[in-house]
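Tertiary structure, described
If you want the building blocks of each chain, they are given just below.
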Amino acid sequence: MSTSAIAAALCAYTLFIIVLLILLVVAYWKMFTKAGIAGWKSLIPLYNVYIAFKTAWKDQTAFWVWLAANVVYGLFRDHEDGVSGVITIAAGTLALVWWMRFCMKQARSYGRGTGAGIAAFFLPNIMTLYYGFASSCTYAGPQD
């Protein structure tokens, strides 16, 4: 394979990723506006996740539990032995379970069922595009 063919493939891949990222930003913006929230809030890192949790979950402590579990996991993930290892496994498991619960509640808040929640857990970008662009997905409010 020639150098120009490799360069062309890399340019095509880069263009694809840029287009995908733009589509995801627009879809996230549309998800927020469907929920009656200003779309610009989807552009601020971490704050957009907080707002997404608010749209999906009535209990506002859910975001803070998820964030704390991720921070603890990040602090202890390089330690694999003893108490640090147990903390790492517990925090990572809690963050994963909490994210799965978020995906299920978000699916229900956009009028979808368990299948969409599972799909959102394993294919989050595809489901973001679906929730944002599908006219059949309407916001129903946060779930218990």
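Figured I'd write up the structure that's included with this text.

Conventions we followed
- Within every chain, residues take consecutive numbers counted from 1 along the sequence as written.
- Note on the predicted model: pLDDT of at least 70 is required for a residue's local features to be given, and 80 or more for side-chain atom pairs to be given and counted; whole-chain, interface and lining totals, by contrast, use all residues.
- Excluding hydrogens and water, the side-chain values take into account all heavy atoms of the structure.
- Note on exposure labels: buried denotes an accessible area under 20% of the residue type's maximum, exposed denotes more than 50%, and partly exposed covers the range between, all computed with a 1.4 Å probe on protein chains only.
- Stacked, edge-to-face and tilted labels apply to pairs of Phe, Tyr and Trp rings (six-membered ring for Trp) whose centres lie within 6.5 Å, assigned for plane angles under 30 degrees, over 60, and everything in between, in that order.
- A ring is considered to have a charge above it if a Lys NZ or an Arg CZ atom is located within 6 Å of its centre and within 35 degrees of its normal.
- The numbering of helices and of strands both runs from the N terminus, where a helix is a DSSP run of H or I of at least 4 residues and a strand a run of E of at least 2.
- Patch construction takes residues with relative accessible area above 30% that form no salt bridge. Like charges are linked within 9 Å, and nonpolar side chains (Val, Leu, Ile, Met, Phe, Trp, Tyr) are linked within 5 Å.
- Accessibility throughout is a Shrake-Rupley quantity obtained with a 1.4 Å probe, and a residue counts as covered only by protein chains that appear here.
- Salt bridge, as used here, is a side-chain nitrogen of Lys or Arg placed within 4 Å of a carboxyl oxygen of Asp or Glu.
- Working definition of a nonpolar core: buried Ala, Val, Leu, Ile, Met, Phe, Trp, Tyr and Cys residues. They are joined through side-chain atoms within 4.5 Å.
- The criterion used for residue contact is that any of the two residues' heavy atoms lie within 4.5 Å.

**What about unusual backbone geometry?**
- The phi angle at Leu46 is positive, at roughly 70 degrees, despite the residue not being glycine.
- For Leu46, a relative accessible area of 44% translates into the label partly exposed.

**With respect to the packing of aromatic side chains**
- Tallying each qualifying case throughout the model produces 18 aromatic pairs.
- Cluster of aromatic residues (ring-pair linked, three or more members): Tyr47, Tyr50, Phe53, Trp57, Phe63, Trp64, Trp66, Trp98, Trp99 and Phe102.
- Across the ring face of Trp98, the terminal group of Arg101 is positioned such that the distance to the ring centre comes to 4.6 Å.

**Some words on the side chain of Gln106**
- Mapped onto the fold, Gln106 is located in helix 4 (residues 82–109).
- Classification of Gln106 by relative accessible area gives buried; the value is 7%.

**A short note on a nonpolar patch on the surface**
- The grouping of Leu15, Ile18, Val19, Ile22, Leu23, Val26 and Phe133 at the surface amounts to a nonpolar patch, some 610 Å² of accessible area in total.
- Ranked by residues supplied to the nonpolar patch, first place goes to helix 1 (residues 3–34) with six residues.
- By relative accessible area, which is 54% here, Leu15 ends up exposed.

**Some remarks on the nonpolar core**
- Phe53, Trp66, Phe102 and Tyr131 are the most contacted members of the largest nonpolar core, which totals 26 residues.
- Only helix 1, helix 2 (47–56), helix 3 (61–76), helix 4, helix 5 (114–122) and helix 6 (124–133) provide two or more residues apiece to this core.
- Looking at this core element by element, the count peaks at five residues for helix 2.
- When near neighbours in sequence (up to four residues on either side) are disregarded, Tyr131 contacts Met31, Lys34, Gln106, Ala107, Tyr110, Arg112, Ala116, Ala120 and Cys137.

In short, shape yes, function no, at least from these values alone.
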